[in-house]
Amino acid sequence: MRKLTLFVLAGVLTLTGPAAQALDLHFPGEEPREGIYLAQSHLVEAEPTMLPQMTDYAADKVQYIYDTYLAGTDCKGYFAMVPAKEAFLREGSLTHEVMADCFQRELPFLTHLDLTPMLDLGDFYRTDLHWRQEKLVDVAHYLAMAMDAWEETEYAFQAWEGDFFGTYSPRLTAPLAPDRITYLTSETMDGCTVTGYDLMGRVQTQPIYNLEKANGGNPYDLFLSGPQGIQVIENPQGPAGKELVLFRDSFGSSLAPLLLEGYSRITLVDLRYVFSHSLADYVEFSDQDVLFLYSSLLLNNSLALK
Amino acid sequence: MKKLLTLLALSAALLLALTACGGSQEPPQEDAAIPVVLGDTLGADLANLFLPMAVTDESATVTSLAEGVVADLPFETMVMPVEPGLLTGFGDVEITGFSEGVMFGPAISTIPFLGYVFQMEEGADGEAFCQTLQEYCDLRWNICTEAEEVTAVQGGNYVFFLMCPTSLEG
C-alpha cells in the first residue's frame, strides 16, 4: 500500500492540470513498470526526455534524403508527426510540438501537416502505442486533401477475431482486457498488389492485410505485414501517374491503405530496415508526393534511421 | 562450416597477443593461443571469423574486416563508415575512443542485425571500450524488432561488435 501511495503521489506531481484528473490512480494490485501507467482506461508510456540531438539527427537524415534524391526533381515534400499517447494527457510544450517546430525550421522545403487536431487518446489502442485504423479516416482525408489526392471512398469495416494484447500489456501482471482490431477494406484495395521483401531481401508478394501475421507474434502486423524496409502498393484503379512515397515507421502501415484511392502507386520506405544511401536501388524519384510520417517516439530515437 | 573450422584451427595455432572482452568470451589461454568465442550462435560464428583476420592480416582495414565477416551471410549487406559520436544502437550515449569505424547490416531486411568494426585509437583501452559498448547497447534499437545476443571482442587493434539473432534459421 505504501508503494502504491508513493506512486500516486508521484503521478500527481508529475502530471498537472487535466492530466492529474485523468490519471485513474488505480493499479489493482499492480505497480507501474518501465514508465507505463494507466490513464483513462489506457496503458500509457511516460515519454522519455526529449533529446535535441535525436531531432537534429532526424532532420539531418531528411535533409540528406532531400539533397540526394529530391532536389532538382518535381517531387513535393510534406511531413506529419504522430504524437505519443501521453501527449493527450499533458499540457504545455509537448515533445511532438517541439520536434515539429524544429523540422519546420530546419526543413523549410517540407510542408507541415499537423495531425494533432484530428487525434485524441481514443484514436489509439488502449494496450498499445499504435493508432487504430478505423479511427484514421479523417486523418487520411486531411492528408490526401493537402496533397491533392483525395477520392471519396466507401469502406467496409472488418473485425479481426483475435485478442490484441498490445505492446504495453506484458508490462503489467494484471493486463487490461484486450483490444479489438478493426481494419478497413474497399473495392479499390481488392484490386491492389503489394510487393515487399522477405528477411533475406528477396522480393515477395504480400497482402494489404496479413491475417497470418496477425495470428503470429504481433497482431498489429496485420497491417501491411508489419515491419518492412520497402513496400510498393500498386493501385491499377488509381489516377495514372499520381504516386506517393511515404517515409514512415509502423504507424504508416495502417494509414497507407487509406490513402490508396488517390494514388496509382504508394511506395513505403522504413529507413530502419533499408539504408538511405541505397534508396536509388529501390525508388526512382521524379514527381511524386513525398510524405515523411513519423511518430515522436521514433524521432526521439532517430539513430535507428539508417 | 568448413571455412569456419579452418579459420578456427588457424586461430588456435597462432601465438599472438590478443585481448578479449565480452560476456560470451573465453579468457586467453596460458599458452597465449588466440581465444575463440564459445558457442554456436551467429554472433560467435562471426566473431570467430573476425578474430584471425584482425590479428593476422597486416593490411586489414575496418572496411575489409567488416566485408570479410559478412561475406557469406545469406543476405546482401552494406558497410558504412562512422565517426565517433552518436551511433545507431547506443541510444544517446556518444561512442568515442576509436580512430576509424564502420557499421554493417542488411541492405534491406527487418532482421535485427547491426554490427561495427572499430580501429582503436593509439593507447586506447580496448577492454574498457568493449564493456562500454555492451553496457550501453540497446537490443531494441529500432523499437519494433529485438536482437537476441550481443558480441564484443577485441582482436589486435580492432574491436568487433554485433547485435543479432542467435541464428538466421527459422
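Higher on the page you've got the structure.
The notes below deal with the structure included here. In this text the structure is predicted, and so the values were computed from the model without any measurement.

Digging into the overall build of chain B
Part 1 of the reasoning: When its secondary structure is counted, chain B shows 4 helices and 7 strands.
Part 2 of the reasoning: In chain B, the order of α-helices and β-strands from amino to carboxyl end is α-α-α-β-β-β-β-β-α-β-β.
Part 3 of the reasoning: The buried share of chain B, reckoned over its 170 residues, is 43%.
Part 4 of the reasoning: If you take every contact in chain B between residues at least 6 apart in sequence, the share linking residues at least 24 apart comes to 57%.

Focus: the interface of chain B and chain A
Part 1 of the reasoning: At the interface, 20 residues of chain B touch 25 residues of chain A.
Part 2 of the reasoning: Residue composition of the side of chain B that touches chain A, by class: 13 nonpolar, 5 polar and 2 charged.

Concerning the pairing of strand S6 (residues 149-155) of chain B
Residue and element names in this part refer to chain B.
Part 1 of the reasoning: Extensive coverage of S6 is indicated by the burial of 5 of its 7 residues.
Part 2 of the reasoning: In this structure, S6 lies alongside strand S7 (residues 158-164), joined through 7 bridges in antiparallel fashion. Looking at S7, one finds that Ala-152 is bridged to Phe-161.
Part 3 of the reasoning: Where S6 folds back onto S7 in an antiparallel hairpin, the turn is made up of 2 residues, including Gly-156, whose phi is positive at roughly 60 degrees.

Description of the sheet that holds strand S1 (residues 77-82) of chain B
Residue and element names in this part refer to chain B.
Part 1 of the reasoning: Taken together, the 5 strands give an open sheet; going across it, the order is S1-S4-S5-S7-S6, and neighbouring strands pair in antiparallel fashion. Edge strands, defined here as strands with exactly one partner in the open sheet, are S1 and S6. Recorded for the sheet is a direction-independent mean angle of 15 degrees between the axes of neighbouring strands.
Part 2 of the reasoning: In terms of strand pairing, strand S5 (residues 114-120) meets S7 through 6 bridges, oriented antiparallel. Its bridge partner being in S7, Phe-118 is matched across the sheet by Val-159.
Part 3 of the reasoning: In the packing of helix H3 (residues 62-70) onto the sheet, the strands contacted are S1, strand S4 (98-106), S5 and S7, and the crossing angle to S4 comes to about 25 degrees.
Part 4 of the reasoning: Along the sheet, helix H4 (residues 126-136) makes contact with S5, S6 and S7, crossing S6 at roughly 165 degrees.

Here's the deal with the sheet that holds strand S7 (residues 193-197) of chain A
Residues and elements named next belong to chain A.
Part 1 of the reasoning: Spatially, S4-S3-S12-S10-S11-S9-S7-S8 is the arrangement adopted by the 8 strands of the open sheet, whose pairing is mixed. Among the strands making up the open sheet, the edge pair consists of strand S4 (111-112) and strand S8 (203-206).
Part 2 of the reasoning: Relative to strand S12 (residues 289-295), strand S3 (residues 76-82) is paired through 7 bridges, and the arrangement is parallel. Residue pairing for S12: Val-82 is matched across the bridge by Ser-295.

As for the pairing of S3 of chain A
Part 1 of the reasoning: Sheet analysis places S3 of chain A next to S4 of chain A, joined by 2 bridges and oriented parallel. Bridged to Tyr-78 of chain A within S4 of chain A is Thr-111 of chain A.

Details of helix H2 (residues 42-56) of chain B
Part 1 of the reasoning: The end-to-end C-alpha distance of H2 of chain B, which contains 15 residues, comes to 22 Å, matching closely the 21 Å that a straight helix rising 1.5 Å per residue would cover.
Part 2 of the reasoning: Across the 15 residues that make up H2 of chain B, a large majority, 14, are buried.

Some remarks on the nonpolar core
Part 1 of the reasoning: Counting 121 residues, the largest nonpolar core has Leu-246 and Leu-259 of chain A together with Phe-50 and Leu-65 of chain B as the members making the most contacts within it.
Part 2 of the reasoning: The element best represented in this core is H2 of chain B, accounting for 10 residues.
Part 3 of the reasoning: In contact with Leu-65 of chain B, not counting residues within four places along its chain, are Phe-50, Met-53, Ala-54, Ala-60, Val-117 and Tyr-158 of chain B.
Part 4 of the reasoning: Counting residues in each nonpolar core, the second largest holds 8 residues, with Tyr-37, Ala-39, Phe-88 and Tyr-168 of chain A among its members.

Regarding the environment of Trp-141 of chain B
Part 1 of the reasoning: Tracing the chain through its elements places Trp-141 of chain B in the loop between H4 and S6.
Part 2 of the reasoning: In this structure Trp-141 of chain B comes out as buried when scored by C-beta crowding, with 21 C-beta atoms within 10 Å.
Part 3 of the reasoning: Measuring from C-alpha to C-alpha, the distance between Trp-141 of chain B and Met-163 of chain B comes to 9.8 Å, with 22 residues separating the pair along the chain.
Part 4 of the reasoning: What Trp-141 of chain B contacts, discounting residues up to four positions off in sequence, is Ala-304 of chain A together with Thr-88, Gly-89 and Leu-114 of chain B.

Some remarks on the environment of Ala-280 of chain A
All names here are of chain A.
Part 1 of the reasoning: Mapped onto the elements of the fold, Ala-280 is located in the loop between strand S11 (265-269) and S12.
Part 2 of the reasoning: Take Ala-280: there are 10 C-beta atoms within 10 Å of it, and that puts it in the exposed class.
Part 3 of the reasoning: Along the primary structure Ala-280 and Thr-68 are separated by 212 residues, whereas in three dimensions their C-alpha atoms are 9.3 Å apart.

Quick notes on the rules
- Residues numbered from 1 in each chain as written.
- Chains lettered and ligands numbered in written order.
- Predicted model: local features only at pLDDT ≥ 70, side-chain atom pairs only at ≥ 80, totals over all residues.
- Helix = DSSP H or I, 4+ residues; strand = E, 2+ residues; numbered from the N terminus.
- Buried ≥ 20, exposed ≤ 12 C-beta atoms within 10 Å, placed from the backbone.
- Contact = placed C-beta atoms within 7 Å.
- Nonpolar A, V, L, I, M, F, W, Y, C, P; charged D, E, K, R; others polar.
- Pairing = 2+ DSSP bridges.
- Axes fitted to C-alpha atoms, helices over the stretch in contact; angles between N-to-C directions.
- Expected span 1.5 Å × (residues − 1).
- Core = buried A, V, L, I, M, F, W, Y, C linked by C-beta atoms within 7 Å.

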